[in-house]
Amino acid sequence: MKQPLLLIALSLMLFCCKTENKTNDPNLIRGEFILIDDAAVIKGKDFIYGVVIDEVTRELAKKVAPLQREEYDMVPVVIKGVIKPNPEQGWEEIVEIKEIIGVSAPTSELPTKIKSTTEDQNPSSGPNPEKEN
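Residues numbered from 1 in each chain as written. Predicted model: local features only at pLDDT ≥ 70, side-chain atom pairs only at ≥ 80, totals over all residues. Heavy atoms only, no water.

### Some thoughts on the sheet that holds strand E1 (residues 27-36)
Thought 1: Taken together, five strands build a closed barrel; the order of strands is E1-E2-E3-E5-E4 and the barrel is mixed. This sheet shows a mean twist of 55° between the axes of neighbouring strands, independent of strand direction.
Thought 2: Pairing of strand E3 (residues 48-51) with strand E5 (residues 93-103) involves two bridges; the strand directions are parallel. If you follow Gly50 over to E5, its bridge partner there is Ile94. (Pairing = 2+ DSSP bridges. Helix = DSSP H or I, 4+ residues; strand = E, 2+ residues; numbered from the N terminus. Axes fitted to C-alpha atoms, helices over the stretch in contact; angles between N-to-C directions.)

### Digging into the pattern of salt bridges
Thought 1: A complete count under the given rule lists six salt bridges for this structure.
Thought 2: The partner of Glu55 in a salt bridge is Arg58, with the nearest N and O atoms 3.7 Å apart. Within this pair, Glu55 and its partner Arg58 are both found in helix H2 (residues 55-64), separated by three residues, close to a single helical turn.
Thought 3: For Glu59, the salt bridge is made with Lys63, and the minimal N-O distance between the two is 3.8 Å. You can see Glu59 and its partner Lys63 sitting in helix H2, four residues apart, about one turn around the helix.
Thought 4: According to the relative accessible area criterion, Lys63 is partly exposed, its value standing at 42%. (Salt bridge = Lys/Arg side-chain N within 4 Å of Asp/Glu carboxyl O. Buried < 20%, exposed > 50% of the residue type's maximum accessible area, 1.4 Å probe, protein only.)

### Structural notes on the pairing of strand E2 (residues 39-43)
Thought 1: In this structure, E1 lies alongside E2, joined through five bridges in antiparallel fashion. Within the sheet, the bridge partner assigned to Ile36 lies in E2 and is Ala39.
Thought 2: What sits between E1 and E2 in their antiparallel hairpin is a turn of two residues, with Asp37 showing a positive phi close to 50°.
Thought 3: Where E2 meets E3, three bridges bridge the pair, whose relative direction is antiparallel. Note on E3: the bridge partner recorded for Ile42 is Tyr49.
Thought 4: Between E2 and E3, which pair antiparallel and follow one another directly, the connecting turn spans four residues.

So this is what it looks like as structure tokens:
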């Protein structure tokens, strides 16, 4: 009778200790990364985290830069990082990157850009049917 109670108590102790330590363990995170000036973000399918800017973040930015097609292009990355609450204003949670697993080229097409014609830029060049005096 004492053995089952002892096993249950031991199991509960191990389970409780394991959940406490889990918050400091790095998580595998897949998302798109961008660093602009003094702000970095990693965005996944169902999350957006601010990123702690340190040496590892700057190293990731150097690896991402040649793959960006435009200045504000986000690049797919896989990292290990610790997610924690943000004590400052901004994102609710931030991630501290512990390890860079991989960086890959963006696969989606760039958004369509609409260029204006010279007529649109100079409204006085012709009659405007919407404006009548």
